[in-house]
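# Coordinate inspection notes
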Amino acid sequence: MPEAPKADAPEAGFAGAGLSLETPRLRLTALTRDALQAWVDGDAGRLRQETGVFFGTPPTCPPLFEDDLPRFRDRMAETPQELGWWVWLVSRREDARAVGVCGLGGRPDGQGTAVLGYSVYSEMEGRGYATEASRAVMDWALSQPGVTRVRATVPAWNQASVAVARKLGMVEIGRDPNPEVGETLIFETSVRSAPADPNGWPDRVHAALLAFGVSLVGYVPDAGHARLIELCHADPGVRAVALTSEKEGIGLAAGAWLGGARAALLMQSSGVGNLMNALGMARECRVPLVLLVTMRGEEGETNPWQVPVGRSAGALLTEMGVGVVRAEAADAVSLLVEGALARAFEGESMQAVLIAQSVIGVKRFQEGPR
Amino acid sequence: MSAAAWRPAPSGTLHRREVVAALLADRGDPLVVAGLGAPAWDCAAAGDHPLTFSLWGGMGLAAMTGLGLACARPDRRVLVVTGDGEMLMGLGSLATIAVQAPPNLSIVALDNERYGETGMQPTHTAHGVDLAGVARACGFASAATITDASRLEALREAVHRGVGPLFAVVKVAAEKPPLVVPPRDGVLLKERFRRALLGGASGSASGGAAAPPVL
């Protein structure tokens, strides 16, 4: 994760103090109440005075932003000290023309999550401006006290916006099939709780299991889980139980929960196919389940027999009532596991974290098939 | 109906209800997992109890549920009462359990050599498959086949006080005693079990032995 760009006013917090960020091509200016009022009024001249940015006359809004403009104006009027937590105007450094806006939905919530949004004028699309500007705002947010992660909620149909979230290093952590506005995808990133370390996710997952009081870990071995299995066996506070079939793990977890203990299960995606009837038991009894699934059958898979269940694992789990999230990057694994642990044990629900093959690598059969 | 009203069991078999009644009489410490079908009815006939977790599904998982419970509560005895068909569907779990070797776990398979709930079709044990032999080969400290009522008291003693893991096959008559069913609401069965074992404060979802730190 790159360092946060330098702000002109590192001690942000005073209305009118001026708060801006610079990137190689762009300048971002946190909008004050006066600037937002000028925009609401359609006064390009005053808006230029307040921000130093050139707009058309009257100044238009980038897509999906106009309806929110008065609300942001009201927020900045009420809480001018929240400068930077609402709207950033994005302009080009070379000609001071308006490019679009980035926004945060206010200060972070109790979990340390700040919500990022972005919109650029259609004539400014396709040049990477949204990514460049959003990265600056995201890094600014992550440099603020109390922020551990940044979330973006993106319409599923908007491929350009989805691409921006992915370029920011965010991973999809869920989907909201909102029938009113259409399906949205939820992306998140984090630097504080999950520093970039592609080889360290098993250690962080192990720490998360301990933090949530997991004392029993059932597994059918997979190369992708090798390190985590080692850590569990080496940990005197965890009983690691090798299983002959993944379905055994559901009984193990159910018995553990009956006895007041917490279990988690490790498996590869083919093992998901072995779970189905057992999941019915967990569902009927509301037994908390945490399934950490290393994916096979994806990009680069060399064994075609891994593909059918690998392709279907997420859908099979979903159909059985398991909440499914998917980690596309090593940084995201422990973050998603923490969420799954919390949802499973605090709500007695079934949760799975799929760990993409791109995270764990492709199995080669140099020594012959297993 | 009392067991005494039945005909004598065929030679080499016992009445299943008498076996379970003997194991659970004044049951004291054991936490009980009942495999789906007739073993669950047998346990219910012996007296519905909050510390009996009866399976209505999850065929093949009774022994593993017992293992999870035995690992969670090493201070308590755990008894799995199941059938031959259910055990055959979870043969792998005998290997898993033998490797874990929980000293507080006993598994009793009531073997009528039939799938009782589906029309009394023969199971593999009717063709000579030896479940106790499988358990022994997996490494169970104690594995036996009981065909004589005179050994019931010793079995009860082993379940309550022996060092496990123990696996016992009890050959029972291919009979269908009157149906006595436990509650079939899985959440109810789970909640009352946790409340009875863990106390009121631990009956909630967020209770239990190890609460997570506030994140």
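### Description of the overall build of chain A
- Counting its regular elements, chain A contains 13 helices and 14 strands.
- Here the contacts in chain A between residues at least 6 apart in sequence split such that 67% fall between residues at least 24 apart.
- By element, 50% of the accessible surface of chain A is carried by carbon and sulfur atoms, the whole surface being about 15800 Å².

### Digging into the pattern of salt bridges
Residue and element names in this part refer to chain B.
- Counted by the stated rule, this structure contains 31 salt bridges over all chains.
- Linking Asp-42 and Arg-16 is a salt bridge whose minimum nitrogen-to-oxygen distance equals 2.7 Å. A residue pair is termed long-range when its members are at least 10 positions apart, and Asp-42 in helix 2 (residues 38-45) and Arg-16 in helix 1 (residues 16-24) qualify at 26 residues.
- On the basis of relative accessible area, Asp-42 is assigned to the buried category, the value being 1%.
- One salt bridge connects Asp-48 with Arg-192, and the closest N-O pair in it is separated by 2.7 Å. Of this pair, Asp-48 sits in the loop between helix 2 and strand 2 (52-54) while Arg-192 sits in helix 8 (residues 186-198), and the two are 144 residues apart along the sequence.
- The buried category is assigned to Arg-192, whose relative accessible area is 17%.

### Description of the interface of chain B and chain A
- Counting from both sides, the interface comprises 37 residues of chain B and, opposite them, 33 residues of chain A.
- In total, chain B and chain A occlude about 2900 Å² of area from one another, counting both sides; carbon and sulfur atoms represent 63% of this.
- Put simply, Lys-190 of chain B and Glu-348 of chain A hold a salt bridge, and the shortest N to O gap is 2.8 Å.
- For the pair chain B and chain A, the number of links is 9 residue pairs in polar contact (both at pLDDT 80 or more).
- Contributing elements (two or more residues each) for the side of chain B that touches chain A: helix 3 (62-72), helix 5 (91-100) and helix 8 of chain B.
- Looking at the side of chain B that touches chain A element by element, the count peaks at 8 residues for helix 8 of chain B.

### Some details on the sheet that holds strand 2 of chain B
Residue and element names in this part refer to chain B.
- Reading across from one edge, 2-1-3-4-8-7 is the order of the 6 strands in this open sheet, with parallel pairing throughout. Single-partner strands in this sheet number two, and they are strand 2 and strand 7 (142-146). If you compare each strand with its neighbour and ignore which way they point, the axes differ by 15 degrees on average.
- Pairing analysis gives 6 bridges linking strand 4 (residues 105-111) to strand 8 (residues 166-171), with the strands arranged parallel. In the strand pairing of strand 8, Ser-106 is matched with Leu-166.

### Brief notes about the nonpolar core
- In this structure, Ile-250 and Leu-291 of chain A together with Ile-107 and Phe-167 of chain B are the most contacted members of the largest nonpolar core, which totals 67 residues.
- If one sorts the elements of this core by residue count, helix 3 of chain B sits on top with 8 residues.
- When near neighbours in sequence (up to four residues on either side) are disregarded, Ile-107 of chain B contacts Ala-63, Val-80, Thr-82, Met-87, Leu-94, Ile-97, Phe-140, Leu-166, Phe-167 and Ala-168 of chain B.
- Core analysis: the next-biggest nonpolar cluster, separate from the first, contains 56 residues, Leu-69, Leu-104, Val-162 and Leu-168 of chain A among them.

### With respect to the pairing of strand 4 of chain B
All names here are of chain B.
- Counting buried positions over the 7 residues of strand 4 gives 7, a clear majority of the element.
- Burial of strand 4 is two-sided: the residues Leu-105, Ile-107, Ala-109 and Asp-111 facing one way and the residues Ser-106, Val-108 and Leu-110 facing the other way are all buried.
- Across 6 bridges, the pairing between strand 3 (residues 78-83) and strand 4 is parallel. Following the sheet pairing, Val-78 is matched in strand 4 by Leu-105.

### Re the environment of Val-238 of chain A
Residue and element names in this part refer to chain A.
- Within the secondary structure layout, Val-238 lies in the loop between helix 7 (226-234) and strand 10 (239-242).
- Note: C-alpha distance between Val-238 and Ala-263 (25 residues apart in sequence) is 9.5 Å.
- When residues no more than four places from it in sequence are discounted, the contact partners of Val-238 are Leu-210, Val-214, Ser-215, Val-217 and Cys-232.

### Notes on the packing of helix 6 (residues 201-211) of chain A against helix 12 (residues 330-347) of chain A
Residue and element names in this part refer to chain A.
- Where helix 6 contacts helix 12, the two axes come as close as 8 Å, and the packing angle between them is 15 degrees. In this view, helix 6 runs roughly parallel relative to helix 12, as classed from their interaxial angle. Between helix 6 and helix 12 lies a crossing of right-handed hand. Residues Trp-201, Arg-204, Val-205, Ala-208 and Leu-209 of helix 6 form the contact with helix 12, whose participating residues are Ala-330, Asp-331, Val-333, Ser-334, Val-337, Glu-338 and Leu-341.
- Its residues placed into classes, the contact of helix 6 with helix 12 shows 8 nonpolar, 1 polar and 3 charged.

### Quick notes on the sheet that holds strand 10 of chain A
Residues and elements named next belong to chain A.
- Ordered by their spatial adjacency, 6 strands build an open sheet running 10-9-11-12-14-13, and the pairing between neighbours is parallel. Lying at the two open borders of the sheet, with one neighbouring strand each, are strand 10 and strand 13 (323-327). Each strand axis lies, on average, 20 degrees off the axis of its neighbour in the sheet, ignoring direction.
- Note that strand 11 (residues 262-268) and strand 12 (residues 289-294) share 4 bridges and pair parallel.

### Quick notes on a nonpolar patch on the surface
- There is a patch of nonpolar side chains on the surface, built from Trp-56, Leu-179 and Val-181 of chain B and spanning about 280 Å² of accessible area.
- Looking at the secondary structure, you find Val-181 of chain B in the loop between strand 8 and helix 8.

### Here's the deal with the confidence of the model for chain B
Residue and element names in this part refer to chain B.
- Overall, the prediction assigns chain B a mean pLDDT of 90, with 89% of residues at 70 or greater.
- In this model residues 1-5 is a low-confidence stretch, pLDDT under 50, and it forms 3 contacts with partners more than four residues away in sequence or in other chains.
- Every residue in residues 201-215 scores below 50 in pLDDT, and together they form 32 contacts with partners more than four places removed in sequence or on other chains.
- Scored by ipTM, the complex comes to 0.90, with pTM at 0.67.

### Topic: helix 12 of chain A
Residues and elements named next belong to chain A.
- In this model helix 12 runs 26 Å from its N-terminal to its C-terminal C-alpha over 18 residues, within 8% of the 26 Å that 1.5 Å per residue would give.
- Listing the buried residues of helix 12 in full gives Ala-330, Ala-332, Val-333, Ser-334, Leu-335, Leu-336, Val-337, Ala-340, Leu-341, Ala-344 and Phe-345.
- Immediately downstream of helix 12, the backbone of Glu-348 shows phi near 45 degrees, a positive value.

### Some thoughts on the packing of helix 8 (residues 246-258) of chain A against helix 3 of chain B
- In the contact formed by helix 8 of chain A and helix 3 of chain B, the axes pass within 6 Å of each other and the chain directions differ by 40 degrees. On the basis of their axis angle, the class for helix 8 of chain A and helix 3 of chain B is oblique. Here helix 8 of chain A and helix 3 of chain B pass one another in a crossing that is right-handed. Residues Glu-248, Gly-251, Leu-252, Ala-254, Gly-255, Ala-256 and Leu-258 of chain A of helix 8 of chain A pack against Met-64, Thr-65, Leu-67, Gly-68, Leu-69 and Ala-72 of chain B of helix 3 of chain B.
- Classifying every residue of the contact of helix 8 of chain A with helix 3 of chain B by side-chain character gives 8 nonpolar, 4 polar and 1 charged.

Rules of the game
- Residues numbered from 1 in each chain as written.
- Chains lettered and ligands numbered in written order.
- Predicted model: local features only at pLDDT ≥ 70, side-chain atom pairs only at ≥ 80, totals over all residues.
- Heavy atoms only, no water.
- Helix = DSSP H or I, 4+ residues; strand = E, 2+ residues; numbered from the N terminus.
- Contact = heavy atoms within 4.5 Å.
- Areas by Shrake-Rupley, 256 points an atom, 1.4 Å probe, with all protein chains shown as cover.
- Salt bridge = Lys/Arg side-chain N within 4 Å of Asp/Glu carboxyl O.
- Buried < 20%, exposed > 50% of the residue type's maximum accessible area, 1.4 Å probe, protein only.
- Buried area = accessible area lost by both parts, 1.4 Å probe.
- Polar contact = N/O pair within 3.5 Å; in protein donor to acceptor, adjacent residues only side chain to side chain.
- Pairing = 2+ DSSP bridges.
- Axes fitted to C-alpha atoms, helices over the stretch in contact; angles between N-to-C directions.
- Core = buried A, V, L, I, M, F, W, Y, C linked by side-chain atoms within 4.5 Å.
- Parallel < 35°, antiparallel > 145°, perpendicular 65-115°, else oblique.
- Left-handed = near helix turned anticlockwise from the far one by under 90°.
- Nonpolar A, V, L, I, M, F, W, Y, C, P; charged D, E, K, R; others polar.
- Patch = residues over 30% accessible without salt bridge, like charges linked within 9 Å, V, L, I, M, F, W, Y side chains within 5 Å.
- pLDDT = per-residue confidence, 0-100.
- Expected span 1.5 Å × (residues − 1).

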